[in-house]
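Coordinate inspection notes
As a plain string of letters, each chain reads:
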Amino acid sequence: MQIVGLEGMWGLLLTLFLVLPALYLLPGEEQGHLYDGVNDLVLLSNSAEFAWLSLAGIAAHALHNATSMGVLSVLSGVQREMVGCTRTCFIWLFGLAARYLFGSRADFAEA
């Protein structure tokens, strides 16, 4: 678990202090920047639904990392990758199911 924590810490530090400032300085279509993180902060503060969905995504990612480490301690790296590849299939199947169960009302489903 320490590896997962260190990986997350380094990823956060590199993103906050290297990637996001570089994307802010590059010219683009988001108010003159390639990426404007201030817009995301405003969106998070104005939309409770988006804030909860963001927290759910962070929790899902943390759970995925923790279970991946657990699988790796019991199985081989090849088996872990095979399990990881099935995740894409389940996401795709969820999108298809949402499309056919909810029809055009589902903005998040496959078109």
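A few points on the structure.

Let's talk about the overall build of the protein chain
- Each helix and strand counted, the protein chain has 4 helices and 0 strands in total.
- Its helices and strands taken in sequence order, the protein chain reads α-α-α-α from the N to the C terminus.
- The C-alpha radius of gyration computed for the protein chain amounts to 18 Å, which surpasses the reference 13 Å derived for 111 residues by more than 25%, pointing to a less compact arrangement than a globule.
- In terms of principal-axis extent, the alpha carbons of the protein chain reach across some 50 × 40 × 25 Å.

Some remarks on the packing of helix α3 (residues 48–74) against helix α4 (residues 77–102)
- At a minimum axis distance of 9 Å, the contact between α3 and α4 shows a crossing angle of 145 degrees. Seen along the crossing, α3 lies across α4 with a hand that is right-handed. Residue-level inspection shows His64, Ser68, Val71 and Leu72 of α3 in contact with α4, the latter providing Gly77, Arg80 and Arg87.
- Its residues assigned to classes, the contact of α3 with α4 comprises 2 nonpolar, 3 polar and 2 charged.

Calculation rules
- Residues numbered from 1 in each chain as written.
- Predicted model: local features only at pLDDT ≥ 70, side-chain atom pairs only at ≥ 80, totals over all residues.
- Heavy atoms only, no water.
- Helix = DSSP H or I, 4+ residues; strand = E, 2+ residues; numbered from the N terminus.
- Rg over C-alpha atoms; globule rule 2.2 N^0.38 Å.
- Axes fitted to C-alpha atoms, helices over the stretch in contact; angles between N-to-C directions.
- Left-handed = near helix turned anticlockwise from the far one by under 90°.
- Contact = heavy atoms within 4.5 Å.
- Nonpolar A, V, L, I, M, F, W, Y, C, P; charged D, E, K, R; others polar.

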